[in-house]
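Here are the chains, one letter per residue:
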Amino acid sequence: MRRFGPTIFAEMSALAQRTGAVNLGQGFPDTDGPASLLEGAVEAIRSGVNQYPPGIGMPVLLEAVARHQRRFYGITLDPATEILVTAGATEALSAALLALVETGDEVLVLEPAYDAYVAGIALAGGVQRPVPLRPTPQGWRLDVAALRAAANGRSRVLLLNTPHNPTGTVLTAAELTAVAEVAVEHDLVVITDEVYEHLVYPRPGDVDGPGRDVPLHVPIATLPGMAERTLTVSSAGKTFSVTGWKIGWVSGPAELVAAVRTVKQFLTYVNGAPFQPAVAGALDLPDAFFTELAADHARRRDLLADGLRAGGFGVLPADGTYFLTADPRPLGFEDGTDLCRRLPGLAGVVAVPMAAFCKPGSPTHARAAPLLRFTFCKSDAVLHEAVDRLQRLAPSRTA
C-alpha cells in the first residue's frame, strides 16, 4: 500500500475548506434524504436498537433488499443465505476482493476506475488489469476489443461498475452482453458495483425517461449465464442521500456471499444497527420516490452541463450517477490535475481530475489527463453559484 496516499477526494475537499471554494469535487449531497428514513433511524435509536445486529444483517433489511431486487429487476434471492449487509459498498467490494482474489490473480476493471477498486485489488494481492472506457461524443464507451484482449488464464474477477463513477456512463445492452460473454468464456466471477442504480437519466430531449415500464438500469446478474457468477453490490448512501450512514449490501449465490461474509466478519464485524431498519423502510418507498429522484438529478445534471458549456467547457454526455466530465481545453487548459489545484484561486470552485482515476502510463490516463469531473448532487443555489464562478475562466483562454 506504499503507493497509496490520501485520496484525491480528501485532497480536493480539504482544498475547498481552506479556500472557501464551492466543492463540486466530492460526490455527497448537501440535503438529507426522505423524512421517513430519518425518523426511522431516530425511532430505532430511541427504542434501543443500539447493540450488535446479527452478523449477516438485520432480517428486516435482508428481506427488504430481497423485495427490492424482485420488485425492480425480477431477481429472486434468499434473504437468509444470498444477501449480506456491509459497512457501505466500499466494504462489500473490499471484502469480496479479499475473499475471491489470490496473490497474482488478475482483476479486470473498467478505467477510469474509482480509487477504492484499485486499493482493494492491491490489498488482496491481485493485479489490476485496466479495461478502457473511451471518451467519445456519445460519452464514455467501453472498448470491447480491449476487454476481450485483457482476459486471459490469470484473470479471476471482473470488477464492473454501471452506472459508472467517475464518468457518468451507463453501459449499453451491447456492452453488457460483451461483458457477460467474456465472463462466461473465461469463467470469471463478476463483482458489480450498482450503487447508482436509481440514478439513471434520459439525455436532454429524450422522451423515454424515468417512469417508463422497463427498468432503466439493467443488472448484469439478469443476463444469461450471469446469476451464478455475479456478486451485486449496492447501498443506501446514494439513493437516499445518506452517504455518512454506510449501510451497504452484497447479494448473489449463497457460496459466494458466504465467502464474502467470512472476510467481512473480521473487518467491521457488524455496523449501523439503528440505520438498518430505517433503510429497510426506505427500500419499500413507492415508485414515485425513485422516479422523482432520477428526474430531479437529471434536471441538476442539465443545469450544470448547460452552465459549463456556456462558460466555454466541453461536456461529455452523462446518463447516470452524480457526475459530469468536462473538457477545459477550449479554454486553453491542457492539464486537468494542474487546473484542479489552481481552480479555487481562478474561479472559487473545486473539481477532481479524471487522471486520478487512471493507472499512470495507461492509454486511458493519457486520454483523461486534460479532463475534470464535476458533481451535480448539490442544491440549485450551489450549482448556480458554481456556474457563475466558473464563468471567470472564459477570458483566460491562454492561461
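Higher on the page you've got the structure.
Residues numbered from 1 in each chain as written. Predicted model: local features only at pLDDT ≥ 70, side-chain atom pairs only at ≥ 80, totals over all residues. Heavy atoms only, no water.

Visitor: Help me out: how do you make sense of the side chain of R373 in this one?
Guide: Along the polypeptide, R373 turns up in strand β14 (residues 372-375). One buried charged side chain, R373, makes no salt bridge at all; its nearest oppositely charged neighbour is D115, positioned 8.0 Å away. In this structure the side chain of R373 is engaged in a polar contact, spanning 2.7 Å, whose partner is the side chain of N165. (Helix = DSSP H or I, 4+ residues; strand = E, 2+ residues; numbered from the N terminus. Buried < 20%, exposed > 50% of the residue type's maximum accessible area, 1.4 Å probe, protein only. Lys, Arg positive; Asp, Glu negative; His and termini not counted. Salt bridge = Lys/Arg side-chain N within 4 Å of Asp/Glu carboxyl O. Polar contact = N/O pair within 3.5 Å; in protein donor to acceptor, adjacent residues only side chain to side chain.)

Visitor: When you look at the pattern of salt bridges in this model, what are you seeing that I'm missing?
Guide: Where charged atoms from two side chains of opposite charge come close, those side chains can pair. What the rule picks out here adds up to 18 salt bridges. Notably, a salt bridge pairs R67 with D284, separated by 2.6 Å at the nearest N-O pair. On the criterion of sequence distance, the pair formed by R67 in helix α3 (residues 59-73) and D284 in the loop between α9 (275-283) and α10 (287-310) is long-range, its members being 217 residues apart. Residue R67 is classed as partly exposed on the basis of its relative accessible area, which comes to 33%. Ionic contacts of the salt-bridge type, sharing partners, join the residues D296, R299, R300 and D380 into one network.

Visitor: Would you mind showing me how to read the side chain of S362 here?
Guide: Along the polypeptide, S362 turns up in the loop between β13 (352-353) and α12 (363-368). Side-chain polar atoms of S362 contact the backbone oxygen of K359, separated by 3.0 Å.

Visitor: Sorry, what's going on with the sheet that holds strand β2 (residues 83-86) here?
Guide: Remark on secondary structure: sheet strands pair via backbone hydrogen bonds, oriented parallel or antiparallel. Strand order in the open sheet formed by eight strands is β2-β9-β8-β7-β6-β3-β4-β5, with mixed pairing between adjacent strands. What marks the edges here is a single partner per strand, and that holds for β2 and β5 (139-142). The sheet shows a mean angle of 25° between the axes of neighbouring strands, direction not considered. Its contacts with the sheet put α3 on β2 and β9 (248-251), and the angle it makes with β2 is roughly 120°. Across the face of the sheet, helix α8 (residues 254-264) comes into contact with β2, β7 (189-193), β8 (230-235) and β9 while running at roughly 25° to β2. (Pairing = 2+ DSSP bridges. Axes fitted to C-alpha atoms, helices over the stretch in contact; angles between N-to-C directions. Contact = heavy atoms within 4.5 Å.)

Visitor: What exactly am I supposed to notice about the nonpolar core here?
Guide: One broad rule of soluble globular proteins: the nonpolar side chains tend to lie buried together. Within the largest apolar cluster, 129 residues are counted, with the highest numbers of intra-cluster contacts made by L160, I191, F240, V279, L308, F374 and L390. The greatest single-element share of this core, amounting to nine residues, is contributed by α10. Excluding its chain neighbours within four sequence positions, the residues that come into contact with I191 are L93, A96, L97, L100, V157, L158, L159, L160, L231 and V233. (Core = buried A, V, L, I, M, F, W, Y, C linked by side-chain atoms within 4.5 Å.)

Visitor: What exactly am I supposed to notice about the sheet that holds strand β11 (residues 323-327) here?
Guide: In spatial order, the strands read β10-β11-β14-β13; together these four strands make up an open sheet with antiparallel pairing. The sheet is open, and its two borders are formed by β10 (314-315) and β13, each paired with just one other strand. Of the strand pairs in this sheet, β11 and β14 are connected by four bridges, and their pairing is antiparallel. Note that in β14 the partner of L324 across the bridge is F374.

Visitor: Mind showing me how you'd approach α9 here?
Guide: One turn of the α-helix equals 3.6 residues, which is why residues spaced by three or four share an orientation. Buried within α9 we find Q276, A278, V279, A280, A282 and L283. Summarising the contacts, the buried residues of α9 are in contact with α2 (35-46), α3, β2, β9 and α10.

Visitor: Please explain α3 as it appears in this structure.
Guide: Counted at 1.5 Å a residue, the expected span for α3 with its 15 residues is 21 Å, and the 21 Å between its end C-alpha atoms agrees. Among the residues making up α3, those that are buried are L61, L62, A64, V65, A66, H68, Q69, F72 and Y73. Turning to α3, the residues buried within the fold contact β2, β9, α9 and α10. Positive phi shows up at G74, right after α3, with a value of about 70°. (Expected span 1.5 Å × (residues − 1).)

Visitor: Sorry, what's going on with a nonpolar patch on the surface here?
Guide: A contiguous nonpolar patch, built from M1, L98, L123 and L267 and spanning about 360 Å² of accessible area, is present on the exposed surface. Mapped onto the secondary structure, L123 falls in helix α5 (residues 115-123). (Patch = residues over 30% accessible without salt bridge, like charges linked within 9 Å, V, L, I, M, F, W, Y side chains within 5 Å. Areas by Shrake-Rupley, 256 points an atom, 1.4 Å probe, with all protein chains shown as cover.)

Visitor: How do you make sense of the environment of V263 when you look at a structure like this?
Guide: Its location among the elements puts V263 in helix α8. For V263, a relative accessible area of 18% puts it in the buried group. With 166 residues separating them in the primary sequence, V263 and L97 have C-alpha atoms 9.5 Å apart. When residues no more than four places from it in sequence are discounted, the contact partners of V263 are A95, L98 and A99.

By themselves these figures say nothing about function.
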